[in-house]
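The primary structure of each chain is shown beneath.
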Amino acid sequence: MQSNRPGTKKILNGTVIVTYRCNARCSMCSRYKQPSRPEEEISVETIKKLPEMYFTNITGGEPFIRTDLKEIVRELRKKSDRIVISTNGFFTDRIIDLCKEFPDVGIRVSIEGLEQTNNEIRGLPDGYRRGYQTLKTLRGMGMKDVGFGMTVQDRNAPDLVPLYEISDEMGMEFATASLHNSFYFVETKNIIHDRPMVAENFERLINRLLRSSSPKKWFRAYFNHGLINYIYSQKRLLPCNMSFDTFFIDPQGDVMPCNGTRDKEVMGNLNEQSWETLWNSPEAERVREKVRRCNRNCWMIGSVSPAMHRYIWKPAAWVAVHKIKALFCKRPYSMYENKIVRDYREGKVTKEDLDRCSTCELCLEERCGI
């Protein structure tokens, strides 16, 4: 298994979880109940051992809880072509201070809907205003790579398009996800209950994205199409290559294939090993074998974005078909293009059937593909 070597093209995509501490109390994530201890969190010295990457996401917990985050970013900029930090946007002053020094860093603020919805889901009474003000200030500073991130669920799906429209008016990026269960979220009970309602809101967003003039938004439409497929508990639209060209590293220095597994899977520990030794170890290969057999069918941007680049002809063909449709109709996309959505409407499968195929352990009997 090859990792990046000096003078070669950067092929790795990495996510650095700098802390599991968090000031939010999100309804769909219990990570705050199991925070990392500050004295055990990944150090700059361990960061220096990471390989070269074409993209790095810094996340948490809430990464801006760490007072040495600028030192971490300073080191990662030597290794990565692009860095994006995922945050709840609450620590506005810290974010602005970092971005003044590193204006090329991307910032994604997690906002789960309009003000009341967001604050209820995130458990931060002033969360929406603080996050929105952070984004507005960053745009005023001239930063371009800033935007919203939204985890779509029953409670906030009606806010999906309104929030997208706010981001579009502000000229910002708009990233989406849906509920997942894993060791990372410390959750096993997340599930979409009203799948048609949530899918209808994704459909509205997809059509807006397809009718835009931005090729980047067209491919985001494909990603959201995949989210409909995911919430209906179907097989991934693209293969998963986590642990082959993509990795996560947690606050304890453990290198993992992803953040979507039920239990934590460890390829090695960078505090104790060199990158080359870890990446090419027998334990890393055992984890890769588990990834090859994984049937959780996650659809998160961390695994899908590299797959979309690797298998570009698949999303490109989908985009081409729907852009042609957009020339002749106002709504080029329908969620009923997905056979499972039609089958559900026609009563061929039930909610209980789909629930059993999800990763929600309250419903899980067996992993399947309808």
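Look up: the structure comes first, before these words.
The text that follows walks through the structure, step by step, so that each part is easy to find. (Residues numbered from 1 in each chain as written. Predicted model: local features only at pLDDT ≥ 70, side-chain atom pairs only at ≥ 80, totals over all residues. Heavy atoms only, no water.)

If you check which residues of helix α4 (residues 115-122) are buried, you get T117, N118, N119, I121 and R122. Where α4 is buried, its residues meet β4 (106-110) and α5 (127-140). Residue G123 follows α4 closely and has a positive phi angle near 70°. (Buried < 20%, exposed > 50% of the residue type's maximum accessible area, 1.4 Å probe, protein only. Helix = DSSP H or I, 4+ residues; strand = E, 2+ residues; numbered from the N terminus. Contact = heavy atoms within 4.5 Å.)

Let's shift gears to the pattern of salt bridges. A complete count under the given rule lists 41 salt bridges for this structure. Note that E101 is salt-bridged to K70, the shortest N-O span being 3.4 Å. Linking E101 in helix α3 (residues 92-101) with K70 in helix α2 (residues 69-76), this pair joins segments that are 31 residues apart in sequence. Among the ionic pairs, D104 bridges to R77, the shortest N-O distance being 3.1 Å. Within this pair, whereas D104 is found in the loop between α3 and β4, its partner R77 is found in the loop between α2 and β3 (83-87), the two being separated by 27 residues in sequence. (Salt bridge = Lys/Arg side-chain N within 4 Å of Asp/Glu carboxyl O.)

What the nine strands build is an open sheet, ordered β6-β5-β4-β3-β2-β1-β7-β8-β9; its pairing is mixed. The outermost strands of the open sheet, each flanked by one partner alone, are β6 (173-178) and β9 (268-269). Relative to strand β2 (residues 55-59), strand β1 (residues 13-17) runs parallel, the two sharing five bridges. Residue pairing in the sheet places N13 in a bridge with F55 of β2. Along the sheet, α5 contacts β4 and β5 (146-152); its crossing angle with β5, the most-contacted strand, is approximately 150°. (Pairing = 2+ DSSP bridges. Axes fitted to C-alpha atoms, helices over the stretch in contact; angles between N-to-C directions.)

Turning our attention to a nonpolar patch on the surface. A cluster of nonpolar residues, I324, L327 and F328, forms a patch on the protein surface that exposes about 400 Å² of accessible area. With respect to the element layout, L327 can be found in the loop between α12 (313-326) and α13 (339-345). Judged by its relative accessible area of 67%, L327 is exposed. (Patch = residues over 30% accessible without salt bridge, like charges linked within 9 Å, V, L, I, M, F, W, Y side chains within 5 Å. Areas by Shrake-Rupley, 256 points an atom, 1.4 Å probe, with all protein chains shown as cover.)

Bringing the packing of aromatic side chains into the picture now. If you walk through the whole model with that rule in mind, you get 15 aromatic pairs. Centre to centre, the rings of F223 and W299 are 6.0 Å apart; their planes meet at 20°, and the pair counts as stacked. Of this pair, F223 sits in helix α8 (residues 215-231) while W299 sits in the loop between α10 (282-293) and α11 (301-310), and the two are 76 residues apart along the sequence. Accessibility assignment for this pair places F223 and W299 in one class, buried. Through a chain of ring-to-ring contacts, three or more aromatic side chains come together here, namely Y222, F223, W299, W318 and Y333. When the ring centre of F90 is taken as origin, the NZ or CZ atom of R130, which lies over that ring, is 3.9 Å away. The cationic tip of R345 hangs over the ring face of Y336; the distance from NZ or CZ to the ring centre is 4.1 Å. (Phe/Tyr/Trp six-rings, centres within 6.5 Å; stacked < 30°, edge-to-face > 60°. Lys NZ or Arg CZ within 6 Å of the ring centre and 35° of its normal.)

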